[in-house]
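Commentary on secondary and tertiary structure
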Amino acid sequence: MSNAPGFDDPRTLRLVWPQWQGAGRDNIQALLPEVPYERARRGYATGARVLEAILPSHAGPTEIVPVPDADDEASTDGVESRRAVTQSLRAALEALGRHDADRVLTLGGECSVSVAPFAKLAQQHGDDLAVIWIDSHPDTDTPDTGYDGYHAMAVSTLVGRGDPEITSLLPATVDPARMALTALHAWEEDAYAHVARWGLPVFRPDELRDSSQTLVQWLQRTGASKVAIHLDVDTVDSDEAALGLGKVPGGLTRAQVRRVVADLAAVADVVGLTIAEFIPRDVLALQGLIEGMPLIPGQTDH
């Protein structure tokens with residue numbers, strides 16, 4: 001994949017967005033109980049910094065989106081930490097607006113970090129852009145469903161069905177017919193009902209294990225020559241590697257994910273790629289080991 005267009009293009013913006021507030025507080029406590037809550041709560045921010053550290057340097061610009069440090073957990077009109085995620089979304093859109101980039105690589109942070117760059121790309125390319133949302137979950141919650149974590153509302157927001165206040169900040173939205181939920185196999189029933197209602201195409205892991213052909217054919221049928229790819233790392237079968245917050249078995253292998261992405265890149269211009277929801281459990285454990293040792297300041301996690 002290293003020879004793909006935009007790999008080291010000076011017109012590729014690297015957007016580092018360590019947003020963590022979109023994950024619901026109860027989810028963090030339930031799915032990462034081995035880590036003290038204050039550190040676990042900011043685990044997605046640590047994950048974004050790890051991703052930034054392991055990537056090679058690049059020719060294009062880098063923007064680091066400022067994320068409020070306040071842990072404003074209360075739900076307001078069905079969205080937890082509404083003020084923090086709204087403030088961060090505005091900051092990301094401002095960062096994107098400072099650059100005339102052809103492509104955007106986004107390093108998160110939780111799933112909602114795709115909202116701003118993909119909306120910007122939708123404004124730029126219109127119907128010539130399709131979105132491949134590779135994720136175990138549909139991310140089609142709304143303020144009216146049972147889970148108030150904003151990261152589960154990312155798709156809803158991008159297709160213009162999310163919270164009205166937040167959606168109104170976006171420069172454009174994506175037609176649901178041009179956004180494919182890929183490797184979907186875990187959900188809450190109230191959010192899943194939106195998938196069919198909004199007409200979102202779905203490709204389950206078993207359809208993609210041996211070949212990407214059905215997904216590639218769908219992309220070609222959209223008529224879009226450009227694609228933005230969202231990769232939630234919990235898509236990887238947790239029995240192979242537990243990369244996300246929740247350990248979700250039955251997903252694709254790492255090799256299968258790489259093949260899917262490569263096959264998409266072979267037939268369309270990848271103008272956006274997001275890596276999201278990485279929880280580096282070993283790094284969080286290491287933070288707990290060394291925090292407060294002589295010569296090391298406290299609060300190493302944020």
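Description of the structure in this document. (Residues numbered from 1 in each chain as written. Predicted model: local features only at pLDDT ≥ 70, side-chain atom pairs only at ≥ 80, totals over all residues. Heavy atoms only, no water.)

1. As for the pattern of salt bridges
Put simply, the rule is: Each reported salt bridge corresponds to a side-chain nitrogen of Lys or Arg within 4 Å of a carboxyl oxygen of Asp or Glu. Under the DSSP-based scheme used, a helix requires at least four consecutive residues in state H or I and a strand at least two consecutive residues in state E, with every element numbered from the N terminus. Partly exposed residues are those whose accessible area sits between 20% and 50% of the maximum for their type, while under 20% is buried and over 50% is exposed, using a 1.4 Å probe and protein chains only.
Scanning all chains against the criterion turns up 16 salt bridges. The partner of R11 in a salt bridge is D100, with the nearest N and O atoms 3.5 Å apart. With a gap of 89 residues between them, R11 in the segment before β1 (12-17) and D100 in the loop between α4 (82-97) and β5 (103-108) connect regions that are remote in the sequence. For E165, the salt bridge is made with R82, and the minimal N-O distance between the two is 2.5 Å. Within this pair, whereas E165 is found in helix α7 (residues 164-167), its partner R82 is found in helix α4, the two being separated by 83 residues in sequence. By relative accessible area, R82 is classed as buried at 7%. In this structure, a network of salt bridges that share partners links the residues D9, R103 and D269.

2. A look at the environment of R103
We count it as follows: Polar contacts here mean pairs of N or O atoms no more than 3.5 Å apart (in protein, one a potential hydrogen donor and the other a potential acceptor; neighbouring residues in sequence count only if both atoms are side-chain atoms).
In this fold, R103 is placed in strand β5. On the basis of relative accessible area, R103 is assigned to the buried category, the value being 13%. Distance in space between the C-alpha atoms of R103 and L13 is 6.2 Å, their sequence separation being 90 residues. A distance of 3.5 Å separates the side chain of R103 from the side chain of D9, its partner in a polar contact. Polar contacts involving the side chain of R103 include one to the side chain of D269, which spans 2.9 Å.

3. Things to note about the side chain of R178
Here is the rule: Contacts are assigned to residue pairs with any non-hydrogen atoms lying within 4.5 Å of each other.
Structurally, R178 is set in the loop between α7 and β7 (179-182). One polar contact links R178 to D127, side chain to side chain, over a distance of 3.0 Å. Once you skip the residues sitting within four places of it in the chain, R178 turns out to touch G126, D127, L129, A130, V131, W218 and T222.

4. Regarding the packing of aromatic side chains
Selection rule: Stacked, tilted and edge-to-face are the three classes assigned to paired rings of Phe, Tyr and Trp, where Trp is represented by its six-membered ring and a pair needs centres within 6.5 Å; plane angles under 30 degrees give stacked, over 60 edge-to-face, the rest tilted.
Taken as a whole and assessed by the stated rule, the structure comprises two aromatic pairs. Relative to W133, the ring of F118 lies with its centre 6.3 Å away and its plane at 90°, an arrangement referred to as edge-to-face. In this pair, F118 is assigned in helix α5 (residues 115-125) and W133 in strand β6 (residues 129-134), connecting sequence segments 15 residues apart. Each member of the pair, F118 as well as W133, carries the same accessibility label: buried. Note on F203 and W218: the rings are 6.3 Å apart at their centroids and 65° apart in plane angle, and the pair reads as edge-to-face. Of this pair, F203 sits in strand β8 (residues 202-203) while W218 is found in helix α10 (residues 213-222), placing the two residues 15 residues apart along the sequence. According to the relative accessible area criterion, F203 is buried, its value standing at 8%.

5. Observations regarding the pairing of β5
Our working rule: Any two strands are treated as partners once DSSP identifies two or more bridges connecting them.
Among the six residues that make up β5, six are buried, leaving the element largely enclosed by the rest of the structure. Of the two faces of β5, the one lined by R103, L105 and L107 and the one lined by V104, T106 and G108 are each fully buried. With six bridges joining them, β1 and β5 adopt parallel strand pairing. For L13, the partnering residue across the bridge sits in β5 and is V104. Where β5 meets strand β10 (residues 269-276), four bridges bridge the pair, whose relative direction is parallel. Looking at β10, one finds that L107 is bridged to I275.

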